[in-house]
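Chain and residue survey
This is what each chain is made of:
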Amino acid sequence: QKEVEQDPGPLSVPEGAIVSLNCTYSNSAFQYFMWYRQYSRKGPELLMYTYSSGNKEDGRFTAQVDKSSKYISLFIRDSQPSDSATYLCAMSPSNTGKLIFGQGTTLQVKP
Amino acid sequence: DAGVIQSPRHEVTEMGQEVTLRCKPISGHNSLFWYRQTMMRGLELLIYFNNNVPIDDSGMPEDRFSAKMPNASFSTLKIQPSEPRDSAVYFCASSLSRVAKNIQYFGAGTRLSVL
């Protein structure tokens, strides 16, 4: 079993929809949780960064961490075609930079 | 800011040849990471440096892989000899460790094809 599980999709939604992306993990030591967005043939770029549990909001993006369930989510409100990309969750037990990534979920937002 | 710069963007080589990938981190960043991304295994950390010193190379798949960071503005990942299963996209990332090592900025990657 992988330490971090993420449904690869693809996920296709109409423009304006609310998108929910999720990851589950098995290592209870994870404390740092990140979401990266990766456009085709580009490097990943950091979207959200969360320490421990709780919610974090940035514009149309909300990240949630539920450590009791070992489950993290990224919500995208009012999705746009420009949000079409692969979304990768990443986690670490400490601030060492040693990140464990999920496989990524490919999202397509149709106009 | 130019961001993390990787070269070459694409590399096609034959099995058995030596391959050298290059990375210039963001100026002022003192942690550097090398990753490999494949469809099967996703994004995997190979090795990372802190202040030019290799800290953890447990992700390096075999002795055929080696990485160096001779100074704060340059790093190389070398594969010798290369094999078809090394075909992947290799990313370099950097971070400012005194703030948050986990906040990493990625380059555009080098797409390697070993024939």
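To start, this report covers the structure provided alongside it. (Residues numbered from 1 in each chain as written. Chains lettered and ligands numbered in written order. Predicted model: local features only at pLDDT ≥ 70, side-chain atom pairs only at ≥ 80, totals over all residues. Heavy atoms only, no water.)

1. As for the overall build of chain A
Scanning chain A from terminus to terminus reveals zero helices and 11 strands. The secondary structure elements of chain A, listed N-terminal to C-terminal, are β-β-β-β-β-β-β-β-β-β-β. In terms of overall size, chain A behaves like a compact globule, its C-alpha atoms giving a radius of gyration of 13 Å where 111 residues would be expected to give roughly 13 Å. With respect to the three principal axes, the spread of C-alpha positions in chain A is 40 × 25 × 20 Å. Burial status across chain A gives 42% buried among its 111 residues. Of the contacts formed within chain A by residues at least 6 apart in sequence, a portion of 54% connects residues at least 24 apart. (Helix = DSSP H or I, 4+ residues; strand = E, 2+ residues; numbered from the N terminus. Rg over C-alpha atoms; globule rule 2.2 N^0.38 Å. Buried < 20%, exposed > 50% of the residue type's maximum accessible area, 1.4 Å probe, protein only. Contact = heavy atoms within 4.5 Å.)

2. Looking at the pattern of salt bridges
In the structure shown here, the tally under the stated rule is 12 salt bridges over all chains. A salt bridge links glutamate 57 of chain A to arginine 77 of chain A; the shortest N-O distance between them is 3.4 Å. Separated by 20 residues along the polypeptide, glutamate 57 of chain A in strand 6 (residues 54-58) and arginine 77 of chain A in the loop between strand 8 (71-76) and strand 9 (85-92) bring together distant segments of the chain. When salt bridges with common partners are traced through the structure, they connect Glu62, Arg64, Glu83, Arg85 and Asp86 of chain B into a single cluster. (Salt bridge = Lys/Arg side-chain N within 4 Å of Asp/Glu carboxyl O.)

3. Structural notes on a positive patch on the surface
Together, Arg41 and Lys42 of chain A together with Arg9 and Arg111 of chain B line one region of the surface with positive charge. Mapped onto the elements, arginine 41 of chain A comes out in the loop between strand 4 (32-38) and strand 5 (45-51). (Patch = residues over 30% accessible without salt bridge, like charges linked within 9 Å, V, L, I, M, F, W, Y side chains within 5 Å. Areas by Shrake-Rupley, 256 points an atom, 1.4 Å probe, with all protein chains shown as cover. Lys, Arg positive; Asp, Glu negative; His and termini not counted. Charge placed at Lys NZ, Arg CZ, Asp CG, Glu CD.)

4. Structural notes on the interface of chain B and chain A
With 26 residues of chain B at the contact, the number on the chain A side is 20 residues. Taking both sides of the interface into account, the surface hidden between chain B and chain A amounts to around 1700 Å²; carbon and sulfur atoms contribute 47%. For chain B, the biggest contributors to the area lost against chain A are Leu43, Asn102 and Phe106 of chain B; these three give 33% of the whole. Between the two partners, chain B and chain A, sit one salt bridge. (Buried area = accessible area lost by both parts, 1.4 Å probe.)

5. With respect to the state of the cysteines
Residue and element names in this part refer to chain A. If you walk through the whole model with that rule in mind, you get two disulfides over all chains. Each sulfur of the disulfide joining cysteine 23 and cysteine 89 lies 2.0 Å from the other. Residues cysteine 23 and cysteine 89 share a disulfide whose torsion about the S-S bond is about -100°; that sign makes it left-handed. Here cysteine 89 lies in strand 9 and cysteine 23 lies in strand 3 (residues 19-25), a separation of 66 residues in the sequence. Judged on exposure class, the residue cysteine 23 and its partner cysteine 89 are both buried. (Disulfide = S-S within 2.5 Å.)

6. Thoughts on the packing of aromatic side chains
According to the stated counting rule, one finds 11 aromatic pairs over all chains in the structure shown. On the basis of an interplanar angle of 80° and a centroid distance of 5.5 Å, the ring pair of tyrosine 36 of chain A and phenylalanine 106 of chain B is categorised as edge-to-face. A residue pair is termed interchain when its members come from two chains, as with tyrosine 36 of chain A in strand 4 and phenylalanine 106 of chain B in strand 10 (residues 105-106). Residue class for tyrosine 36 of chain A comes out buried when judged on its relative accessible area of 0%. Owing to a relative accessible area of 11%, phenylalanine 106 of chain B belongs among the buried residues under this scheme. Between phenylalanine 91 of chain B and phenylalanine 106 of chain B, the aromatic rings sit 6.2 Å apart at their centres with planes inclined by 80°, giving edge-to-face as the arrangement. Taken as a pair, phenylalanine 91 of chain B in strand 9 (residues 88-95) and phenylalanine 106 of chain B in strand 10 lie far apart in primary sequence, 15 residues in all. The buried category is assigned to phenylalanine 91 of chain B, whose relative accessible area is 2%. (Phe/Tyr/Trp six-rings, centres within 6.5 Å; stacked < 30°, edge-to-face > 60°.)

7. Overview of the pairing of strand 9 of chain B
Residues and elements named next belong to chain B. Across the eight residues of strand 9, eight count as buried, placing the element largely inside the fold. Side chains Ala88, Tyr90, Cys92 and Ser94 project from strand 9 onto one buried face, and the interleaved Val89, Phe91, Ala93 and Ser95 project onto a second face that is buried too. With seven bridges joining them, strand 4 (residues 31-38) and strand 9 adopt antiparallel strand pairing. Paired with phenylalanine 33 across the two strands is alanine 93, which belongs to strand 9. Across two bridges, the pairing between strand 9 and strand 10 is antiparallel. Bridged to serine 94 within strand 10 is tyrosine 105. (Pairing = 2+ DSSP bridges.)

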